[in-house]
Structure formats: structure tokens, C-alpha cells
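So the chains spell out like this:
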Amino acid sequence: MSDTAVKKTRIRKAHWIPVVAGFLRKGPQVLVGQRPENHSLAGQWEFPGGKIESGEPPEVALARELDEELGIEAEIGELKLACTHSYGDVNILILFYEVKYWKGEPKAKHHLMLEWIHPEELVHRSIPEANRKMLNRIFQALGVQWPR
Ligand code: DGT
């Protein structure tokens, strides 16, 4: 097999996981959660969300994840950002949605801890590599400047 054929085969066989995450805002702050122990990326700060189940529309998946993780009934807004990242054998596609409205107060049902933070603080937090490399676009989507 030629090099190109091998490459094409690898691309076709790559394992992709679609993920949805939400930007929940409270004034200038955004909600982040610390990933639990016994999960990949334990202790890192992420936007609430998770994997899309087979055949599930992304907005439905995010509403389900926000219910499971935070105990809220959320109205999913605009798609703000999409990014891909490779964790070696697994690739993820993350869709970030704006979430402006919800019923209930977010509770840490899944995360070690939840925090409302100014987005600029993400620079100093331990966050998933997928988010780190997209931070300038995340800031843009959240309408904040890169901190000096
Ligand atoms: P895992 O990864 O097998 O331990 O399973 P879960 O249930 O902890 O992972 P889950 O459902 O949160 O899947 C989200 C995947 O996307 C996970 O590999 C982490 C990655 N990810 C990267 N950035 C973010 C983010 O901002 N929010 C969320 N929710 N996931 C993110």
C-alpha cells in the first residue's frame, strides 16, 4: 500500500467522539466545573456538557447533560464555537453553545465543584488541552479580551 493509501485508511478509521458544552453566563461571569476523580482529565476545569449519544441532536444532548450534571432545565441558544482535538487514539469534536436561560440553580451533581468565574481566569486554571489551544476563540465567543 502506498503512503497516501495508508494515511487515508488511518483517517477513515479514526475514532471520533462528539461532545457538547455550554457557556452559562451570570453577568460577566461564566460557569465552570472541576472534572471528577475517576474520569479522564480529573481536576481540570471545563464547561458543563458531555458526549452526544447516538442519534441525539446536539441541543438535546446538551440540555440532557445540563440536567444530569447541574440539575437545571436549560434552553440551548446559539452555537458559538466548534473545535476538534486529538487525544492520540481518540479525536473529539466539541460544539460550544450559548446558554442564556435556565430554570433552577446549578448544583455540582457530577463535578467536584462549580464556580462562576471571570473568563480571563481560565488562563491560570488547569483546563483541557482542547480548550487551552482554543482559548483565544473561547474569549472571543464570550466577548472578552485576552488578558494582559
Ligand atoms: P470520560 O472522558 O470517558 O472520562 O467520560 P466523561 O463522562 O467524563 O466525559 P464527558 O462525557 O464529560 O465527555 C467530554 C469529553 O470532552 C471529555 O473527553 C473531556 C472533553 N472536553 C474537553 N473540553 C471540554 C469542555 O469544556 N467541557 C466538557 N464537558 N468536555 C470537554
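The structure under discussion appears in the preceding block.
Residues numbered from 1 in each chain as written. Predicted model: local features only at pLDDT ≥ 70, side-chain atom pairs only at ≥ 80, totals over all residues. Heavy atoms only, no water.

Visitor: Would you explain the site of the ligand in this entry?
Guide: In the region of the ligand, 16 residues are neighbours, and R35, H39, S40, F47 and N131 sit closest. Within the side chain of N131, a nitrogen or oxygen atom sits 2.8 Å from an oxygen atom of the ligand. For the ligand, whose unbound accessible area comes to 590 Å², protein coverage reaches 83%. Those elements giving two or more residues to the shell around the ligand turn out to be strand 1 (15–26), strand 4 (49–51) and strand 7 (90–99). By residue class, the composition of the shell around the ligand is eight nonpolar, five polar and three charged. (Near = heavy atom within 4 Å. Polar contact = N/O pair within 3.5 Å; in protein donor to acceptor, adjacent residues only side chain to side chain. Areas by Shrake-Rupley, 256 points an atom, 1.4 Å probe, with all protein chains shown as cover. Helix = DSSP H or I, 4+ residues; strand = E, 2+ residues; numbered from the N terminus. Nonpolar A, V, L, I, M, F, W, Y, C, P; charged D, E, K, R; others polar.)

Visitor: Which parts of the structure should I look at to understand the packing of aromatic side chains?
Guide: Enumeration over the complete set of coordinates arrives at four aromatic pairs. Centroid distance F23 to F96: 5.3 Å. Interplanar angle 5 degrees. Geometry classified as stacked. Of this pair, F23 sits in strand 1 while F96 is found in strand 7, placing the two residues 73 residues apart along the sequence. By the burial criterion, F23 is buried, and F96 matches it. With a centroid separation of 5.9 Å and an interplanar angle of 90 degrees, the aromatic rings of F47 and F96 are classed as edge-to-face. (Phe/Tyr/Trp six-rings, centres within 6.5 Å; stacked < 30°, edge-to-face > 60°. Buried < 20%, exposed > 50% of the residue type's maximum accessible area, 1.4 Å probe, protein only.)

Visitor: Which parts of the structure should I look at to understand the side chain of N131?
Guide: Here N131 shows up in helix 3 (residues 129–132). A relative accessible area of 6% places N131 in the buried class.

Visitor: Is there a simple way to think about helix 4 (residues 135–142) in this case?
Guide: Side chains three or four residues apart in an α-helix point the same way, a direct result of the helix having 3.6 residues per turn. Here helix 4 has its buried residues at L135, I138, F139, A141 and L142. The arc that holds every buried residue of helix 4, seen down its axis, measures 160 degrees, which confines them to one face. Elements in contact with the buried residues of helix 4: strand 1, strand 2 (29–34), strand 6 (79–86), strand 7 and helix 3. (Arc of directions from axis to C-beta. Contact = heavy atoms within 4.5 Å.)

Visitor: Where do I start with the nonpolar core in this structure?
Guide: Generally speaking, soluble globular proteins have nonpolar side chains that are buried together. Membership of the largest hydrophobic core comes to 25 residues, with the highest contact counts inside it found for F23, F47, I92, I94, F96, L122 and I138. Secondary structure elements with two or more residues in this core: strand 1, strand 2, strand 6, strand 7 and helix 4. If you tally residues by element for this core, the top one is helix 4, at five residues. Excluding its chain neighbours within four sequence positions, the residues that come into contact with I92 are W16, I17, V19, C83, T84, H85, Y87 and A130. Of all hydrophobic cores here, the second largest spans 15 residues; its members include L24, A61, L70 and I76. (Core = buried A, V, L, I, M, F, W, Y, C linked by side-chain atoms within 4.5 Å.)

Visitor: Got a minute to help me understand the environment of D67 in this structure?
Guide: Along the chain, the position of D67 falls in helix 2 (residues 58–70). When its relative accessible area of 42% is taken as the criterion, D67 is described as partly exposed. Spatially, the C-alpha atoms of D67 and F96 are 16 Å apart, while their sequence positions differ by 29 residues.

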